[in-house]
Amino acid sequence: MALLPIRRYGDPVLRRKARPVEQFDADLQRLIQDMFQTMYAEPGVGLAAPQVGVSSRVVVIDVSPAGKKKEPMALINPRIVRTRGRLSGEEGCLSFPGISVKIVRPEWVSVTAVNEKGLPVTVEGDGLLGRCLQHELDHLDGKMMIDRITLNQKVRVWWEIRQLKKRGLWGS
Ligand code: NI
């Protein structure tokens, strides 16, 4: 397993529409293992393959509370099939280290995907899981949280990124 460098906002790979996975081979298993290791090391609750420079429709998620049993979930070629409600909530992103923004999204979602073995799975949830699913799936379409906020919020985020860069806290 290996820790993978995380691409920051501004990296063109984050803007690409990721390709569907067709081969459930050893390379895919290695990518998933590396993504879990990288996500847990950060730490984060979700990571999408484009964030580690791989333009494939793969996300890993684990929203289990710190110190509790891990609940790793790998979703391949995921798709949102149903949503309910609307709710504003705070979000962060490993590609925007040190930044958090309020985003309005559906409160509950149902997602179909296949798991790492290629078997169909359905994941449904609200709260942190619902928000995380939507956030990570956005990455597969080249979308980021900056695209879901108001101009005023964007101006604040750009300013914060500038400050973080000046202090050397933004990374590569
Ligand atoms: Ni993100």
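Here we summarise the structure given alongside this text. (Residues numbered from 1 in each chain as written. Predicted model: local features only at pLDDT ≥ 70, side-chain atom pairs only at ≥ 80, totals over all residues. Heavy atoms only, no water.)

Here we look at the pattern of salt bridges
- This model, assessed by the stated rule, comprises ten salt bridges.
- For Arg-57, the salt bridge goes to Asp-141, with nearest N and O atoms at 2.9 Å. Of this pair, Arg-57 sits in the loop between strand S1 (46-48) and strand S2 (58-61) while Asp-141 sits in the loop between helix H2 (127-140) and helix H3 (151-166); the two residues are 84 residues apart in sequence, bridging distant segments of the chain.
- With its nearest N and O atoms 2.8 Å apart, the salt bridge here joins Glu-91 to Arg-131. Residue Glu-91 is found in strand S4 (residues 87-92), and its partner Arg-131 is found in helix H2; the two are separated by 40 residues along the sequence. Of the two residues examined, Glu-91 and Arg-131, each falls in the buried class.
- Three or more residues are tied together by salt bridges with common partners; here these are Glu-91, Arg-105, Arg-131, Asp-138 and Arg-148. (Salt bridge = Lys/Arg side-chain N within 4 Å of Asp/Glu carboxyl O. Helix = DSSP H or I, 4+ residues; strand = E, 2+ residues; numbered from the N terminus. Buried < 20%, exposed > 50% of the residue type's maximum accessible area, 1.4 Å probe, protein only.)

Here's the deal with empty space enclosed by the protein
- Within the structure shown, the criterion is met by one cavity of 30 Å³ or more.
- When its volume is computed, the largest cavity comes out at roughly 50 Å³.
- If you go around the largest cavity, the residues you meet are Leu-87, Arg-105, Pro-106, Glu-107, Gly-127, Gly-130, Arg-131 and Gln-134.
- Of the residues forming the lining of the largest cavity, the biggest block, four residues, is contributed by H2. (1 Å grid on protein atoms, 1.4 Å probe; cavity = no way out; pocket = protein on both sides within 12 Å on 5 of 7 lines; lining within 4 Å. Points joined across faces, edges and corners; volume = space filled by probe spheres on them.)

Points about the packing of aromatic side chains
- Using the criterion set out here, one finds two aromatic pairs in the structure.
- Ring geometry for Tyr-9 against Phe-96: centres 4.7 Å apart, planes inclined by 20 degrees, an arrangement best described as stacked. Within this pair, whereas Tyr-9 is found in the segment before helix H1 (26-41), its partner Phe-96 is found in the loop between S4 and strand S5 (100-105), the two being separated by 87 residues in sequence.
- Given the relative accessible area of 1%, Phe-96 is considered buried.
- Considering the side-chain rings of Phe-36 and Tyr-40, the 6.1 Å spacing of their centres and the 20 degrees angle between planes classify their relative orientation as stacked. With Phe-36 and Tyr-40 both in helix H1 and four residues apart, this pair spans about one turn of that helix.
- Against the face of Tyr-40 rests Lys-70, its NZ or CZ located 4.8 Å from the ring centre.
- Seen from the ring of Trp-108, Arg-84 lies directly overhead, with NZ or CZ sitting 4.0 Å from the centre. (Phe/Tyr/Trp six-rings, centres within 6.5 Å; stacked < 30°, edge-to-face > 60°. Lys NZ or Arg CZ within 6 Å of the ring centre and 35° of its normal.)

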